[in-house]
Amino acid sequence: MPELKQLFDLSGKVALVTGGSRGLGLEMAEGLAEAGATLMLLARREQWLAPAVEGLKKRGFQVDGAVCDVANPDVAPAAVARTVQAFGRLDILVNNAGVTWGQPAEEFPLDRWQMVLDIDLTAAFLFCQAAGKEMIKQGYGRIINIASVMGMIGTLPNLDHHLSAYVAAKGGLIALTRELAAKWAQHNIRVNAIAPGFFPSRMTEKSLESQGGALAAATPMNRVGQPGELKGVAVFLAADASSYITGQTIVVDGGMTIV
């Protein structure tokens with residue numbers, strides 16, 4: 001039986017993280033690196049990506065980065081190929097890139113609906129597909145899809161959130177996680193999801209400014225998430241500590257979804 005340190009050790013593993021230049025994506029990438037993984041970070045803007053890569057390198061981690069827009073369907077296979085070319089393999093995929101758009105459903109523009117689904121669901125599938133092909137060849141893989149509690153519950157009616165496209169995309173991502181886990185378990189590929197509640201990020205900045213108190217009050221722990229509270233969950237799902245877990249969604253929300 002392996003010792004506890006071995007169960008969380010990612011030495012020799014290679015991880016690809018989309019949306020990994022800042023916020024929750026960078027936090028999870030940092031956790032994987034601290035556990036021993038080599039990183040390939042993807043982000044849409046060079047001004048965010050370059051400092052993230054440089055900061056991790058200064059800490060002694062092996063990391064590379066690439067600027068790309070995951071909404072482009074050609075990006076996923078190219079990013080996987082670049083990762084394998086650079087590091088020889090791909091063991092861990094973290095599908096974190098995402099966007100949202102707020103507007104009442106009765107007024108929601110079709111182009112904004114399509115944009116959210118293209119990035120939050122279709123791009124995640126394409127990255128799973130491209131990484132899955134490589135992982136099937138290896139006979140090993142760990143995929144972590146970053147969903148949301150909004151994919152499990154509706155938004156509170158007394159809060160000024162109208163996120164129908166985001167809710168639909170994240171709900172679809174949770175279902176996709178289960179399907180891929182069922183089909184790819186035979187290849188030693190585990191597919192799980194993390195569903196964060198409200199954490200400070202660029203995406204939630206305006207919501208937390210205007211309604212952070214109400215969101216905290218709707219949470220049994222009476223607060224929103226704090227920096228560092230997703231790092232351990234990502235490492236757990238990537239490591240052998242979770243070796244008999246697949247197709248599951250780990251909710252990290254301070255209890256918001258239990259009341």
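Our subject is the structure that appears above.
Report on the accompanying structure. (Residues numbered from 1 in each chain as written. Predicted model: local features only at pLDDT ≥ 70, side-chain atom pairs only at ≥ 80, totals over all residues. Heavy atoms only, no water.)

### Some remarks on the nonpolar core
The following threshold applies: Residues grouped as a nonpolar core are buried Ala, Val, Leu, Ile, Met, Phe, Trp, Tyr and Cys residues, joined through side-chain atoms within 4.5 Å. Each residue's exposure class comes from its accessible area (1.4 Å probe, protein chains only) as a fraction of the maximum for that residue type: buried when under 20%, exposed when over 50%, partly exposed otherwise. Helix and strand labels come from DSSP, where a helix needs a run of H or I of at least four residues and a strand needs a run of E of at least two; each type is numbered from the N terminus. For this analysis, residues touch if any pair of their heavy atoms sits within 4.5 Å.
Counting residues in each nonpolar core, the largest one holds 48 residues, and the members touching the most others are Leu 16, Leu 42, Leu 93, Phe 127 and Ile 143. Ranked by residue count, the leading element in this core is helix α5 (residues 110-138), at 11 residues. Those residues within four positions of Ile 143 in sequence are excluded, and the remaining contacts are Leu 93, Cys 128, Met 135, Trp 184, Ile 189, Arg 190, Val 191 and Asn 192.

### What to know about the sheet that holds strand β3 (residues 63-67)
The test is simple: Strands were regarded as paired on the criterion that DSSP finds at least two bridges between them. Here the axes come from fitting lines to C-alpha atoms, over the contacting stretch only for helices, and the angles between their N-to-C directions go from 0 to 180 degrees.
Pairing is parallel across the open sheet formed by 7 strands, whose spatial order is β3-β2-β1-β4-β5-β6-β7. The outermost strands of the open sheet, each flanked by one partner alone, are β3 and β7 (249-252). Looking at each pair of strands side by side, their axes are set apart by 15 degrees on average, direction ignored. In this sheet, strand β4 (residues 92-95) lies alongside strand β1 (residues 14-18) in parallel orientation, the contact comprising 3 bridges. Within β4, the position partnered with Val 17 by the bridge is Val 94. Sheet strands touched by α5: β1, β2 (38-43), β4, β5 (141-146) and β6 (189-196). Its angle to β4, the strand with the most contacts, is close to 175 degrees. Each of β4, β5, β6 and β7 is contacted by helix α8 (residues 231-238), which is oriented at about 165 degrees to β6, the strand it contacts most.

### Details of the packing of helix α4 (residues 75-87) against α5
Each pair of packed helices can be described by the angle between their axes along with the distance between the axes. To keep it simple, the criterion reads: The handedness criterion is simple: a crossing whose near helix is rotated anticlockwise from the far helix by less than a right angle is left-handed, and one whose near helix is rotated clockwise is right-handed. In this classification, the charged set is Asp, Glu, Lys and Arg, the nonpolar set is Ala, Val, Leu, Ile, Met, Phe, Trp, Tyr, Cys and Pro, and all remaining amino acids, among them Gly, are polar.
The interhelical angle for the contact between α4 and α5, taken along N-to-C directions, is 35 degrees, at an axis separation of 8 Å. The hand of the α4/α5 crossing is right-handed. Across the interface between the two elements, Val 75, Ala 76, Pro 77, Ala 79, Val 80 and Val 84 of α4 pack against Leu 126, Phe 127, Ala 130, Ala 131 and Glu 134 of α5. Split into classes, the residues belonging to the contact of α4 with α5 amount to 10 nonpolar, no polar and 1 charged.

### Thoughts on the packing of aromatic side chains
Stated formally: Planes of paired rings set the category: under 30 degrees apart is stacked, over 60 is edge-to-face and the rest tilted, where pairs are Phe, Tyr or Trp rings (Trp by its six-membered ring) whose centres lie within 6.5 Å. Both a distance and an angle decide whether a charge sits over a ring: NZ of Lys or CZ of Arg must be within 6 Å of the ring centre and within 35 degrees of the ring normal.
Throughout the structure, instances matching the rule amount to 1 aromatic pair. The ring of Tyr 140 carries the charged tip of Lys 13 above its face, separated from the ring centre by 4.1 Å. Lying across the ring of Tyr 140, Arg 142 places its NZ or CZ 4.2 Å from the centre.

### What about α8?
For α8, a buried count of 6 out of 8 residues is recorded, marking the element as mostly surrounded by other parts of the structure. If you check which residues of α8 are buried, you get Lys 231, Val 233, Ala 234, Val 235, Leu 237 and Ala 238. Close packing links the buried residues of α8 with α2 (23-34), β4, β5, β6 and β7.

### Observations regarding the packing of α2 against α8
The condition that has to hold: If an angle is under 35 degrees, it is roughly parallel; if it is over 145, roughly antiparallel; if it lies from 65 to 115, roughly perpendicular; otherwise it is oblique.
Look at α2 against α8: their axes get within 8 Å of each other, and the N-to-C directions meet at 55 degrees. By the angle between their directions, the pair α2 and α8 is classed as oblique. Between α2 and α8 the crossing geometry is right-handed. Two secondary-structure elements touch here, α2 through Glu 27, Met 28, Glu 30, Gly 31, Leu 32 and Glu 34 and α8 through Lys 231, Ala 234, Val 235 and Ala 238. Considered class by class, the residues forming the contact of α2 with α8 number 5 nonpolar, 1 polar and 4 charged.

### Quick look at the environment of His 161
Mapped onto the elements, His 161 comes out in the loop between β5 and α6 (164-184). Measuring from C-alpha to C-alpha, the distance between His 161 and Trp 101 comes to 9.6 Å, with 60 residues separating the pair along the chain.

### Digging into the side chain of Asn 96
We count it as follows: Under the rule applied, a polar contact is a pair of N or O atoms within 3.5 Å (in protein, one hydrogen donor and one hydrogen acceptor; residues adjacent in sequence only if both atoms are side-chain atoms).
Position of Asn 96 among the secondary structure elements: in the loop between β4 and α5. A distance of 2.8 Å separates the side chain of Asn 96 from the backbone oxygen of Gly 19, its partner in a polar contact. The contact partners of Asn 96, leaving out residues within four places of it in the chain, are Thr 18, Gly 19, Gly 25, Met 28 and Ile 146.

### Some remarks on the pattern of salt bridges
Close approach of charged atoms allows side chains of opposite charge to pair. To keep things clear, this is the line we draw: For this analysis, a salt bridge means a side-chain nitrogen from Lys or Arg found within 4 Å of a carboxyl oxygen belonging to Asp or Glu.
Summed over the entire model, instances satisfying the criterion amount to 10 salt bridges. In this structure, the salt-bridge partner of Glu 30 is Lys 231, at a minimum N-O distance of 3.0 Å. Placement of the pair is Glu 30 in helix α2 and Lys 231 in helix α8, with a sequence separation of 201 residues. When its relative accessible area of 24% is taken as the criterion, Glu 30 is described as partly exposed. Several salt bridges share partner residues, and in doing so they unite Glu 30, Glu 34, Arg 59 and Lys 231 into one network.

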